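# A structural walkthrough
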Number of protein chains: 2
Amino acid sequence: MRKTKADAERTRDQILDAAEITFFERGVARSSLDDIARAAGVTRGAVYWHFANKVELFLAMQDRAWLPQEDLCEKLADTPDRDPLATVADVVCDMFRRIAADESQKRVLAILLLRCEYTDEMADALQRRKEADCSLDARFGALFAAAGDRGLLHPAFTPALAQGAFRALVFGVFRRWLEAPEEMDLTAQGCAMVQAFIRVLGDASHEKASSA
Amino acid sequence: MRKTKADAERTRDQILDAAEITFFERGVARSSLDDIARAAGVTRGAVYWHFANKVELFLAMQDRAWLPQEDLCEKLADTPDRDPLATVADVVCDMFRRIAADESQKRVLAILLLRCEYTDEMADALQRRKEADCSLDARFGALFAAAGDRGLLHPAFTPALAQGAFRALVFGVFRRWLEAPEEMDLTAQGCAMVQAFIRVLGDASHEKASSA
DNA sequence: CATTATCCATACATGAATGTATGTAAAGAG
DNA sequence: CTCTTTACATACATTCATGTATGGATAATG
């Protein structure tokens, strides 16, 4: 029972891994700290040493995972000045592919969307998601606005409406996949839906002038 | 303390009302049966008389509420043989309006989507939603297939793709509204997004022939 | 090498929630 | 008007999860 600092970090990671799996399987509320500790091969003593309580453990798990919002923001930050709609579709599809390939991230997202109840205790957790969403909305908003300025949007959509609908579509696709991963392939059907939507969004064939 | 059968039914309803509010405010897991009983103005004895446990109470609450899926199915059942896409948009927008006006239904849906963890215990509850979704999908599928047969769909979409995207969009809009009702008006922006999407879906202007 | 701080297991105390058992007053049935 | 059943309230037993306190073994530090 000799524990160096590196060892301690490893057990901390093991606890976070166990929390991911346990939360995913039993839900956050029904997962006791003893369940998690046992799954990690330690006792509650270790859990309480590294984390103050279950909420803190949950937040640490959320922080360790790379949330797709941050991922998207980073990608959107350094995109060339291409067709903004094509950029949007590419970035989201890229995100889909990456998440589908990462079991851990898939688990965390399933926990955040399907396996936890957002109440007063979880206010911090929800706040972080909202902040990430907010900065993401700003970036998407700029792209859709640019598309609108260049006359690339179908006349049925204002930039704000297009952004809202796109956001809803992506979220809906995502949630559907998380609910029934075996019934749906995110990289195939998910990307297809996103791309088809972007294509009809950009189908401004009502105006005669087609500059590009 | 005289209880006739009608009185008993009333207290049962009061318990269900209290469960709705308590689940909505504190989440399902953190709501104890004592919380609910107190909110209903009774004791746990009454709750245990009417319901075997919390899961049964939850299921009874879910059953009492008119789920939007059933609502939609009923509407779709007796629609004239109009433009299928217009029918779809009308029915969904009508559902949006009705839910936005019904606080109780809004609470129940917020519970089902945001305030409960779907784990093995809740398998029954999830199963009912899935069944309702399934029969709904069949009806929507028929309409989108009809639209495809009549050449009403934008060539970017197959009927199945259109249906999946539409479903995702509606769900995403719905969820977004439930998460932040003050930031979004379901009857205004929600309906606008749905209608705009349906409009671009039906924009099959690539073919020269426009029969209708 | 002695000391201290780290890392974790074990033990204990507490409260909260559950399920059940019992009591009971009225309603309903005959 | 009895008798049984209904519709609860109350009381009890038990389990479970939490938080904390303590102990101990080693690593880090000087």
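Scroll up for the structure.
The present account deals with the structure reproduced in this document. (Residues numbered from 1 in each chain as written. Chains lettered and ligands numbered in written order. Predicted model: local features only at pLDDT ≥ 70, side-chain atom pairs only at ≥ 80, totals over all residues. Heavy atoms only, no water.)

The next subject is the overall build of chain A. Regarding its fold elements, chain A presents ten helices and zero strands. Along chain A, helices and strands appear, N-terminal first, in the series α-α-α-α-α-α-α-α-α-α. With respect to the principal axes defined by its C-alpha atoms, chain A has extents near 75 × 35 × 30 Å. When each of the 212 residues of chain A is scored for burial, the buried share is 48%. Sequence separation of at least 24 residues holds for 72% of the intrachain contacts in chain A that already meet a minimum separation of 6. Carbon and sulfur atoms form 51% of the exposed surface of chain A, whose accessible area is close to 10300 Å². Each charge class in chain A can be summarised by its mean position, and for the 28 positive and 34 negative side chains these summaries are 4 Å apart. (Helix = DSSP H or I, 4+ residues; strand = E, 2+ residues; numbered from the N terminus. Buried < 20%, exposed > 50% of the residue type's maximum accessible area, 1.4 Å probe, protein only. Contact = heavy atoms within 4.5 Å. Areas by Shrake-Rupley, 256 points an atom, 1.4 Å probe, with all protein chains shown as cover. Lys, Arg positive; Asp, Glu negative; His and termini not counted. Charge placed at Lys NZ, Arg CZ, Asp CG, Glu CD.)

Taken residue by residue, the interface counts 41 residues in chain B and 43 residues in chain A. Roughly 3500 Å² is buried in total at the junction of chain B and chain A, and carbon and sulfur atoms are behind 58% of that figure. Summed over the three residues of chain B that lose the most area to chain A, namely Glu117, Arg175 and Val200 of chain B, the buried surface amounts to 17% of that side. Where chain B meets chain A, there are four salt bridges. For the pair chain B and chain A, the number of links is ten residue pairs in polar contact (both at pLDDT 80 or more). Of all the secondary structure elements, the ones that give two or more residues to the side of chain B that touches chain A are helix H7 (103–114), helix H8 (123–149), helix H9 (159–179) and helix H10 (186–201) of chain B. The biggest single contributor to the side of chain B that touches chain A is H9 of chain B, with twelve residues. (Buried area = accessible area lost by both parts, 1.4 Å probe. Salt bridge = Lys/Arg side-chain N within 4 Å of Asp/Glu carboxyl O. Polar contact = N/O pair within 3.5 Å; in protein donor to acceptor, adjacent residues only side chain to side chain.)

With that out of the way, let us pick up helix H6 (residues 84–101) of chain A. All names here are of chain A. Spanning 18 residues, H6 covers 26 Å between terminal C-alpha atoms, matching the ideal 26 Å at 1.5 Å per step. Among the residues of H6, Pro84, Leu85, Thr87, Val88, Ala89, Val91, Val92, Cys93, Met95, Phe96 and Ile99 are the ones counted as buried. Here the buried face of H6 lies against helix H5 (68–77), helix H7 (103–114), helix H8 (123–149), helix H9 (159–179) and helix H10 (186–201). Residue Asp83 occupies the N-cap position of H6, its side-chain oxygen lying 3.2 Å from the main-chain nitrogen of Leu85. (Expected span 1.5 Å × (residues − 1).)

Attention now moves to the packing of aromatic side chains. This structure, assessed with the given rule, holds 15 aromatic pairs over all chains. Look at Phe166 of chain A and Phe197 of chain A: their rings are 6.3 Å apart centre to centre, the planes differ by 10°, and that puts the pair in the stacked class. Pair noted here: Phe166 of chain A is in helix H9 and Phe197 of chain A is in helix H10, with a separation of 31 residues, a long-range link. Take Phe197 of chain A: its relative accessible area is 1%, and that puts it in the buried class. The rings of Phe140, Phe144, Phe157, Phe166 and Phe197 of chain A together with Phe140, Phe144, Phe157, Phe166 and Phe197 of chain B are connected pair by pair, giving a single aromatic cluster. We note Arg115 of chain A situated over the ring of Phe24 of chain A; from NZ or CZ to the ring centre the distance is 4.8 Å. (Phe/Tyr/Trp six-rings, centres within 6.5 Å; stacked < 30°, edge-to-face > 60°. Lys NZ or Arg CZ within 6 Å of the ring centre and 35° of its normal.)

The tally for this structure, following the rule as stated, stands at 31 salt bridges over all chains. Here Arg64 of chain A and Glu20 of chain A are joined by a salt bridge, their closest N and O atoms 3.0 Å apart. Taken as a pair, Arg64 of chain A in helix H4 (residues 54–64) and Glu20 of chain A in helix H1 (residues 5–26) lie far apart in primary sequence, 44 residues in all. The class of Arg64 of chain A is partly exposed, set by a relative accessible area of 32%. Owing to a relative accessible area of 2%, Glu20 of chain A belongs among the buried residues under this scheme. One salt bridge connects Arg26 of chain B with Asp35 of chain B, and the closest N-O pair in it is separated by 3.1 Å.

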